[in-house]
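The residues making up each chain are set out below.
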Amino acid sequence: MAEFNLHAYLWGHLVLFGAALGSFLNVVIGRMPEELSVVSPGSRCPSCLTPIRAYDNIPIISWFVLGGRCRHCGVRIAPRYLLLELLTAVLLGALGIRFGLSWDLLKWSVLASMLVVIVFLDIDYWWLPDRIVFPGMAFAFLAAFLPDGLGIEAALLGLLPGALMYAVGWSFARITGKDG
């Protein structure tokens, strides 16, 4: 009889959770620039706005089953949705391998998720939303005090680059009247 492998079991769940999280991050990236709720309404086709049924909203699998198209209107759904789900699944899986079930896994999973959103919003809109950057900085600072964290000195030093970038952007906006 095969022996139960707890590590493989947890890793598999992390990968599945990562794919589901990636699906949610797609919603955040798609709706945040338009200041729409990420909770309601539920997922819908970006073209015809038809709600996506639960069986058509299974991360990664549904994209392949539907041939990358909306079941209702047939419009092509960008492969980027699939890419982001795969990326987040791989990130969480890799973090699970690196850290196991630990505070570090939680800390780096949250930060990686925030960074995924920031990177894709930056690619699309050249926008680093304060609603993610500032909570991310606060979370990283507080996470430094979790067991095996970095400590106060490293946490404060870690905030310096962000504070410097904010000061430059703030100064640019005051001098030119444009966001910087």
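Position numbers for residues start from 1 in each chain and track the written sequence from start to end. Only residues with pLDDT of 70 or above have their local features reported here, since the model is predicted, and side-chain atom pairs are shown and tallied only from 80 upward, although totals for entire chains, interfaces and linings are computed over all residues. Excluding hydrogens and water, the side-chain values take into account all heavy atoms of the structure.

Quick look at the packing of helix α1 (residues 6–31) against helix α4 (residues 103–125) now. Here the axes come from fitting lines to C-alpha atoms, over the contacting stretch only for helices, and the angles between their N-to-C directions go from 0 to 180 degrees. Secondary structure is summarised from DSSP: a helix means a run of H or I of at least four residues, a strand means a run of E of at least two, and numbering begins at the N terminus for each. Contact geometry of α1 with α4 gives a least axis separation of 11 Å together with a crossing angle of 35°. Crossing of α1 against α4: the hand is right-handed. Seen from α1, the contacting residues are Leu-14, Leu-21, Leu-25, Val-28 and Ile-29; seen from α4, they are Leu-105, Ser-113, Val-116, Val-117, Phe-120, Leu-121 and Asp-124. Two helices cross in a left-handed way if the nearer one is turned anticlockwise from the farther one by less than a right angle. They cross in a right-handed way if the turn is clockwise. A contact between two residues is defined here by any heavy atoms of the two lying within 4.5 Å.

For the bond from Ser-40 to Pro-41, the omega torsion is -5°, close enough to zero to count as cis. On the secondary structure map, Pro-41 appears in the loop between α1 and α2 (61–65).

Of the grid points, spaced at 1 Å and generated over the protein atoms alone, those admitting a 1.4 Å probe that cannot get out make up cavities, while open sets with protein on both sides within 12 Å along at least five of seven lines make up pockets; any residue with an atom within 4 Å of a point is treated as lining. Grid points are joined across faces, edges and corners, and a volume is the space filled by probe spheres set on the points. The computed volume of the largest pocket comes to approximately 1200 Å³. Around the largest pocket sit 37 residues that line it, and Leu-128, Val-133, Phe-134, Met-137 and Gly-162 are the ones nearest its centre. Of all the secondary-structure elements, those providing two or more residues to the lining of the largest pocket are α4, α5 (130–143) and α6 (152–176). Here the lining of the largest pocket gets 13 residues from one element, more than from any other, and that element is α6. Residues are grouped as follows: Ala, Val, Leu, Ile, Met, Phe, Trp, Tyr, Cys and Pro are nonpolar; Asp, Glu, Lys and Arg are charged; all remaining types, including Gly, are polar. In the lining of the largest pocket, the residues fall into 27 nonpolar, five polar and five charged.

Okay, the packing of aromatic side chains next. Here a Phe, Tyr or Trp ring, Trp counted by its six-membered ring, pairs with any other such ring whose centre lies within 6.5 Å, and the pair is stacked when the planes are under 30 degrees apart, edge-to-face when over 60, and tilted otherwise. Applying the stated criterion to the full structure yields three aromatic pairs. When the ring of Trp-63 is compared with that of Phe-64, the centres are 5.5 Å apart and the planes differ by 85°; the resulting orientation is edge-to-face. The buried label goes to any residue with under 20% of its type's maximum accessible area, the exposed label to any with over 50%, and the partly exposed label to all in between, with areas taken from a 1.4 Å probe on protein chains only. On the accessibility criterion, Trp-63 (18% relative accessible area) is buried. Seen in terms of ring centroids, Phe-141 and Phe-145 are 5.4 Å apart; in terms of plane orientation they differ by 75°. Their pairing is edge-to-face.

Time to look at a nonpolar patch on the surface. Patches in this entry comprise residues that are over 30% relatively accessible and not in a salt bridge; like charges within 9 Å are linked, as are nonpolar side chains (Val, Leu, Ile, Met, Phe, Trp, Tyr) within 5 Å. Computed with a 1.4 Å probe, the accessible areas rest on the Shrake-Rupley method; for each residue, only the protein chains presented here act as cover. Counted as salt bridges are all cases of a side-chain nitrogen of Lys or Arg within 4 Å of a carboxyl oxygen of Asp or Glu. On the surface, Leu-142, Phe-145, Ile-152 and Leu-156 cluster together into a nonpolar patch covering about 380 Å² of accessible area. By the secondary structure assignment, Ile-152 is in helix α6. For Ile-152, a relative accessible area of 36% puts it in the partly exposed group.

We now examine the environment of Phe-134. Within the secondary structure, Phe-134 sits in helix α5. Placed 23 residues apart in sequence, Phe-134 and Leu-157 show a C-alpha to C-alpha distance of 16 Å.

Bringing the packing of α4 against α5 into the picture now. Relative orientation of the contacting elements α4 and α5 amounts to 160°, with a least axis distance of 10 Å. Relative to α5, α4 is oriented roughly antiparallel. Considering only the axes of α4 and α5, their crossing is left-handed. Mapping the contact onto sequence places Lys-107, Val-110, Leu-111, Met-114, Val-117 and Ile-118 in α4 and Ile-132, Val-133, Pro-135, Gly-136, Phe-139, Ala-140 and Ala-143 in α5. Orientation categories follow fixed angle ranges, with anything under 35 degrees roughly parallel, anything over 145 roughly antiparallel, 65 to 115 roughly perpendicular, and all other angles oblique.

Take it as geometry only, folks, not as evidence of what the structure does.
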